[in-house]
Amino acid sequence: MSRIGRLPITVPANVELNIDGQQVAVKGPKGELSLTVSAPITVAKNENDVTVSRPNDSREARSLHGLTRTLINNMIIGVTEGYEKKLEIHGTGYRVQAKGADLELALGYSHPVKVEAVEGITYSVEGNNKITVAGIDKQHVGEVAANIRKLRKTEPYKGKGIRYAGEIIRRKVGKAGK
């Protein structure tokens, strides 16, 4: 049995969870999310918790069991607390500015790079080199943060570029380090 999949999910009092066949909808103070559960997995709601179960020990059912439980748990956390990813910009002349809901980044290119606002995601800028990407959908927040990071990945020689907060970059020695 999946160690993660068999754990019950506690539903807080301020969260409304509806199960309609294979469709699971979660509504909370920050917003609303829904998920279509894959075929062999079943979701059942008790008084104040949710259990995810599988009909047999087939490879497909085992692989989806823990995943489904984690996705539903992430939806509940998202509508109550939300998710955020922090990014840092390192490099001389590299900076970020908020232009309304959009971002404008100076990353050493001949032109400023504009990042359009995405529905369900909010950007906040601290100083001129820290970005916070926040939202209720964990996957969407991570994808948007990864796309911003991809605009100028941190290079290993000088460490210039965009990185996650707390990310450790393995530095390489340049020409002189033989």
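Here the structure is a predicted model, which means the values were calculated and not measured.

Enquirer: Just give me the short version of the overall build of the protein chain, but keep the residues and values in it.
Expert: Scanning the protein chain from N- to C-terminus turns up two helices and 13 strands. In terms of C-alpha radius of gyration, the protein chain reaches 21 Å, well past the compact-globule figure of 16 Å for 178 residues. A principal-axis box enclosing the C-alpha atoms of the protein chain has dimensions of 60 × 45 × 25 Å. Per-residue burial over the protein chain gives 35% buried out of 178 residues. When the accessible surface of the protein chain is split by element, carbon and sulfur atoms take 49% of a total near 11,100 Å².

Enquirer: Outline the packing of aromatic side chains, listing residues and values.
Expert: Within the structure shown, the criterion is met by zero aromatic pairs. Directly above the aromatic system of tyrosine 164 lies the positively charged group of lysine 85, at a separation of 5.2 Å from the ring centroid.

Enquirer: Which residues make up the UniProt feature "domain: Large ribosomal subunit protein uL6 alpha-beta" (unreviewed entry) in the protein chain, and what values do they have?
Expert: The feature "domain: Large ribosomal subunit protein uL6 alpha-beta" (unreviewed entry), as given by UniProt, occupies residues 11-82 and 91-164 in the numbering adopted here. End C-alpha atoms of residues 91-164 are separated by 14 Å, and the span's content is 18% helix alongside 39% strand.

Enquirer: For helix α1 (residues 59-80), give the residues involved together with the corresponding values.
Expert: For α1, which comprises 22 residues, the first-to-last C-alpha distance of 33 Å matches the rise-based estimate of 32 Å (1.5 Å per residue) to within 8%. The largest bend along α1 reaches roughly 25° and is located at histidine 65. The complete set of buried residues in α1 reads Ala61, Leu64, His65, Gly66, Thr68, Arg69, Ile72, Asn74, Met75, Ile76, Gly78 and Val79. Once α1 ends, the next one or two residues include glycine 82, with phi positive near 90°.

Enquirer: I'd like a rundown of the sheet that holds strand β7 (residues 83-90), residues and numbers included.
Expert: The strand order β11-β12-β7-β13 describes an open sheet built from four strands, whose pairing is antiparallel. Two strands close off the open sheet at either side, each with one partner strand: β11 (121-126) and β13 (161-164). Going from strand to strand, the sheet's axes swing by 25° on average, the running direction of each strand aside. Bridge count between β7 and β13: four bridges; the pairing is antiparallel. Bridge assignment links histidine 90 to a residue of β13, and that residue is glycine 161. The sheet strands contacting helix α2 (residues 138-150) are β7, β11, β12 (130-135) and β13, and the helix crosses β7 at an angle near 10°.

Enquirer: Break down the side chain of arginine 69 for me, citing the residues and quoting the values.
Expert: Counting through the fold element by element, arginine 69 comes out in helix α1. Despite being buried, arginine 69 has no salt bridge partner; aspartate 49 is the closest side chain of opposite charge, sitting 9.5 Å away. Polar contacts involving the side chain of arginine 69 include one to the main-chain carbonyl oxygen of leucine 7, which spans 3.2 Å. Setting aside anything within four residues of it in sequence, one finds arginine 69 in contact with Ile4, Gly5, Leu7, Pro8, Ile9 and Val52.

What counts and how
- Residues numbered from 1 in each chain as written.
- Predicted model: local features only at pLDDT ≥ 70, side-chain atom pairs only at ≥ 80, totals over all residues.
- Heavy atoms only, no water.
- Helix = DSSP H or I, 4+ residues; strand = E, 2+ residues; numbered from the N terminus.
- Rg over C-alpha atoms; globule rule 2.2 N^0.38 Å.
- Buried < 20%, exposed > 50% of the residue type's maximum accessible area, 1.4 Å probe, protein only.
- Areas by Shrake-Rupley, 256 points an atom, 1.4 Å probe, with all protein chains shown as cover.
- Phe/Tyr/Trp six-rings, centres within 6.5 Å; stacked < 30°, edge-to-face > 60°.
- Lys NZ or Arg CZ within 6 Å of the ring centre and 35° of its normal.
- UniProt positions renumbered as here; feature names shortened; annotations may be inferred.
- Expected span 1.5 Å × (residues − 1).
- Bend = angle between axes of the 7 residues up to and from the residue.
- Pairing = 2+ DSSP bridges.
- Axes fitted to C-alpha atoms, helices over the stretch in contact; angles between N-to-C directions.
- Contact = heavy atoms within 4.5 Å.
- Lys, Arg positive; Asp, Glu negative; His and termini not counted.
- Salt bridge = Lys/Arg side-chain N within 4 Å of Asp/Glu carboxyl O.
- Polar contact = N/O pair within 3.5 Å; in protein donor to acceptor, adjacent residues only side chain to side chain.

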